[in-house]
Amino acid sequence: MRPDGTRVKDLPPLVAAIPYIMPKRYDAWNTITENIDEEVIKAFIRDQRRAGVRLNHMSVIIAAYYKATLENPKLNYFVMNRKIYKRNHFCVSFVIMKRLPDGSPSETTLKIYLEPEDTVFTVNEKIKSAIEANRDTAQSNSTDRFARFMFSVPGLPGFVVGLAYFLDKHGLLPRKIIDLSPFHTSLFITNLASIKTSYIHHHCYEFGTTSIFVCMGKPVPNYMAGDLSRKMMPLGIVMDERICTGYEYAAFCHDFRRILRDPEVLTLPFSTPQGEK
């Protein structure tokens, strides 16, 4: 029993065999580019701002992803040591930029936990609170402090990382380390649109349990629909194909697109059944 998940045992033989055929996460990457309607998202954000609530694109994307995952729970599975696990929570890791006192940029990684009772508003508040708590250049979170300590002792990084790999592989990594690690997450997301950069297909890390990586790119004219007066936001998505079948991934993508076409559903608790408003 891992502290972050329970092993799934009632799997079809072929599904259970795939992690043995592809033991590494980089063996099992599938990539896709999803193009979402930027105009719909902007209109939703604009309407909420008129009502006094300041949302951003990342909050909407994360909220839609989580609601679609609740409807397709296998998207929250992960593979460790050739075994498939059901995660017992849902969390999101993301990177923010800070400015050091000398003006140079610095990155730090944050992680938030979501619940079925959440809405896009509570997701937005959780993101904002995490950012505010770590935006100060003098502020370091637990991950930063641990990394700084680890690299201050010669020879310690290799030993610590090697030990963490071993303990994680055998389900012995303590919960405190899993909570500290941004690589043990349901979803890793990065917003390259915030620095006006195109999307990429970012790798899922071999260390940890990340099965999905989403990269938000800067909006571009909607050449897919042939209407260059409207914009779309490309999402570069990398998935670990071992956690579920192609049919189940397709069902998730269908629900994810449906939610983003009608983001008003995100103002209700994510556990609200489909079709209720």
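Please refer to the structure higher up on the page.
In what follows, the accompanying structure is described. Predicted, not measured: the structure shown is a model, and the values here were computed from it.

Turning our eyes to something else, we now look at the packing of aromatic side chains. Aromatic ring pairs: the centre-centre distance and the angle between the two ring planes describe each pair. All told, the structure shown has 13 aromatic pairs when counted by the stated rule. Measuring from centroid to centroid gives 5.4 Å for Phe78 and Tyr85, while their planes differ by 10°, and the two rings are stacked. On the basis of relative accessibility, which here comes to 0%, the residue Phe78 falls in the buried class. Look at Tyr85 and you get buried, because its relative accessible area is 11%. Seen in terms of ring centroids, Phe183 and Phe207 are 6.1 Å apart; in terms of plane orientation they differ by 70°. Their pairing is edge-to-face. One end of the pair, Phe183, is in the loop between helix 7 (175-180) and strand 7 (187-191); the other, Phe207, is in the loop between strand 7 and strand 8 (212-216), and 24 residues separate them in sequence. Overall, Phe207 belongs to the buried group, its relative accessible area being 17%. Chaining the aromatic ring pairs together yields one cluster made of Tyr65, Tyr66, Phe90, Phe252, Phe256 and Phe270.

Here we take up the nonpolar core. In terms of nonpolar packing, the biggest core is built from 54 residues, with Phe94, Ile189, Ile212, Leu235, Phe256 and Leu266 touching the most fellow members. If one sorts the elements of this core by residue count, helix 3 (residues 57-71) sits on top with 9 residues. Ile189 has contacts with Met58, Ile61, Ile62, Val92, Ser93, Phe94, Val95, Val214 and Met216, leaving out every residue within four places of it along the chain. If you look at the next biggest cluster of nonpolar residues, it comprises 5 residues, including Phe188, Cys204, Tyr205 and Val238.

A word on the pairing of strand 8. Burial within strand 8 is extensive, with 5 of its 5 residues counted as buried. Neither face of strand 8 is left uncovered, since the one carrying Ile212, Val214 and Met216 and the one carrying Phe213 and Cys215 both have all their residues buried.

This part is about helix 2 (residues 38-50). End to end, helix 2 covers 18 Å across 13 residues, agreeing with the expected 18 Å (1.5 Å per residue, within 8%). Every buried residue of helix 2 is accounted for by Glu38, Ile41, Phe44, Ile45 and Gln48. Seen along its axis, helix 2 keeps its buried residues to an arc of 135°; they face one direction. Just past helix 2, the residue Gly52 takes up positive phi, approximately 95°.

Running from N to C, helix 3 and helix 4 (residues 120-135) point in directions that differ by 125°, and their axes come no closer than 9 Å. With respect to helix 4, the element helix 3 is oriented oblique. Like other packed secondary-structure pairs, helix 3 and helix 4 cross with a definite hand, here right-handed. Between helix 3 and helix 4, the residues in contact are Met58, Ser59, Val60, Ile62 and Ala63 and Val120, Val123, Asn124 and Ile127, respectively. By residue class, the composition of the contact of helix 3 with helix 4 is 7 nonpolar, 2 polar and no charged.

Calculation rules
Residues numbered from 1 in each chain as written. Predicted model: local features only at pLDDT ≥ 70, side-chain atom pairs only at ≥ 80, totals over all residues. Heavy atoms only, no water. Phe/Tyr/Trp six-rings, centres within 6.5 Å; stacked < 30°, edge-to-face > 60°. Buried < 20%, exposed > 50% of the residue type's maximum accessible area, 1.4 Å probe, protein only. Helix = DSSP H or I, 4+ residues; strand = E, 2+ residues; numbered from the N terminus. Core = buried A, V, L, I, M, F, W, Y, C linked by side-chain atoms within 4.5 Å. Contact = heavy atoms within 4.5 Å. Expected span 1.5 Å × (residues − 1). Arc of directions from axis to C-beta. Axes fitted to C-alpha atoms, helices over the stretch in contact; angles between N-to-C directions. Parallel < 35°, antiparallel > 145°, perpendicular 65-115°, else oblique. Left-handed = near helix turned anticlockwise from the far one by under 90°. Nonpolar A, V, L, I, M, F, W, Y, C, P; charged D, E, K, R; others polar.

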